Structures are given as C-alpha cells and as structure tokens.
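Chain and residue survey
Spelled out from the first residue to the last, the chains are:
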Amino acid sequence: MIIGLTGSIASGKSTVAKMMTALGLPIVDADVVARDVVEPGTETLALIVQNFGADILLEDGNLNRPKLGDIIFHEPAKRKILNDIMHPAIRQEMLRQRDAYIEAGQKHVVMDIPLLFESKLEHFVERILVVSVSEEVQLRRLMERNQLSKEDALARMHSQLPMSVKEKSAHAVIYNNENLQQTEEQLKKILTHWGVL
C-alpha cells in the first residue's frame, strides 16, 4: 500500500514520519527530495542557473536558497518559472524512489508530502493519512519553534489549506494535540486497521 502522509505546518507530521520509520516503513520524503534534485551537478540546478543566473549559486556550487527565495518571493512570474522547473523533477524522483522500494520487495511505502492536497498529488498514493492539530496548538507550536510573531505565524498557517479541508479528504486522521504516546497509539491503530502492521 502506498500511504500519503500529510498535515499542515507545525502539525507534527515529521514526528509521525519518524514513528513510521521506527515501525520499519520506508519513507519517500518530499522535502529531502526537493533538496537532492538541486545538488551540484544535477540537471535541475543547471536549469535554475540558466533561468536565474550563476549569482544564485554559493561559492561551493550549491544553491543559495535565501537569495533565490528573495527573488521568487517578490516576483510571482519568477516563482512560476522556478516551480515549473522544480515540481516535475521532485515528482519524478519521488516516483523513482517509491518504485525502487516496491521493486526491492517492500509491501508498503510512505510518501511524506507536506503539500499533498495543494499540489494535487492524491493520485500518487492509495491512502491518505492526515496529521491534524487544533489551530491554537498549531499557532503556539509554530511561534515557539520558528520564533515568529503571532501575525507571521498566522500568515504561514493561512497560506495552506485549512486543516478541516484536509481532514475531509483523508482516509484517516491522527489528532496530535496531546502527547506523543497518544499520537503513536492512534498511528498504530490506523496502520493495524489498514493491514500494514
């Protein structure tokens, strides 16, 4: 079974991903893939340089993320160009990793995709597991974790689909408002119900 794991910022999705790894499930992590596809020497990085110029590279040849971030943050047209380069490369590599796990004999693979719904990647997976959290807890965790003001934290939260929308589209939801033990119990119950454990 291909399980899509998603949530919202500061929902605790990464914590659940670690629990799934500890249970022996292989994970394809979209965030890790997004970094890997722009390593020096990759076709994706060459395309970015072609479109944005060599001054978006650091001296060691790595991508200068903050500099590129500043460019695309202020210019929607440039953001679209970057997304048009990055998204196909990320999707292709994620599918390659997923298929490699299956060919290696894995029965179940977890695809950890933060923006699963926003990127319309539901067709990549067979079941969707959403890690949810109340807005109050989410706001508190985000402010503490990223040292953000309330306004900045809310802006980040509201840039994603509301949790309620994600919950409606999920096959199962883990409510991560309490402690880790309760989160893990919910996870094991869902995976057992799905025949994964």
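Quick note: structure is the one above.
Rules and cut-offs
Residues numbered from 1 in each chain as written. Predicted model: local features only at pLDDT ≥ 70, side-chain atom pairs only at ≥ 80, totals over all residues. Heavy atoms only, no water. Core = buried A, V, L, I, M, F, W, Y, C linked by side-chain atoms within 4.5 Å. Buried < 20%, exposed > 50% of the residue type's maximum accessible area, 1.4 Å probe, protein only. Helix = DSSP H or I, 4+ residues; strand = E, 2+ residues; numbered from the N terminus. Domains from an automatic or database assignment. Contact = heavy atoms within 4.5 Å. 1 Å grid on protein atoms, 1.4 Å probe; cavity = no way out; pocket = protein on both sides within 12 Å on 5 of 7 lines; lining within 4 Å. Points joined across faces, edges and corners; volume = space filled by probe spheres on them. Nonpolar A, V, L, I, M, F, W, Y, C, P; charged D, E, K, R; others polar.

Here we look at the nonpolar core
- Grouped together as the largest cluster of nonpolar side chains are 33 residues, with contacts concentrated most on I48, L68, M94 and M111.
- Tallying contributions element by element places helix α5 (residues 76-103) first for this core, with 6 residues.
- When we break this core down by domain, the ones giving at least three residues each are domain 1 (1-26 + 108-196) and domain 2 (42-105).
- Excluding anything up to four places from it in sequence, I48 contacts V38, G53, I56, L63, L68, L82, I85 and M86.
- The next biggest cluster of nonpolar side chains, apart from the first, holds 19 residues, and it includes L25, V131, I174 and I190.

Re the layout of surface pockets
- Taken as a whole, the largest pocket spans an internal volume of roughly 1,800 Å³.
- Contributions of two or more residues to the lining of the largest pocket are made by α1 (13-22), α2 (30-36), α4 (65-74) and α5.
- Among the elements that take part in the lining of the largest pocket, α5 stands out by supplying 8 residues, more than any other.
- A class-by-class count of the residues in the lining of the largest pocket yields 18 nonpolar, 12 polar and 12 charged.
- Shared between two domains, the lining of the largest pocket takes at least three residues from each, and those domains are domain 1 (1-26 + 108-196) and domain 2 (42-105).
- Within this model, the second largest pocket holds a volume of roughly 200 Å³.
- Going through the elements one at a time, α3 (43-52) and α5 are the ones with two or more residues in the lining of the second largest pocket.
- Tallying contributions element by element places α5 first for the lining of the second largest pocket, with 5 residues.
- For the lining of the second largest pocket, the class distribution of residues is 4 nonpolar, 3 polar and 3 charged.

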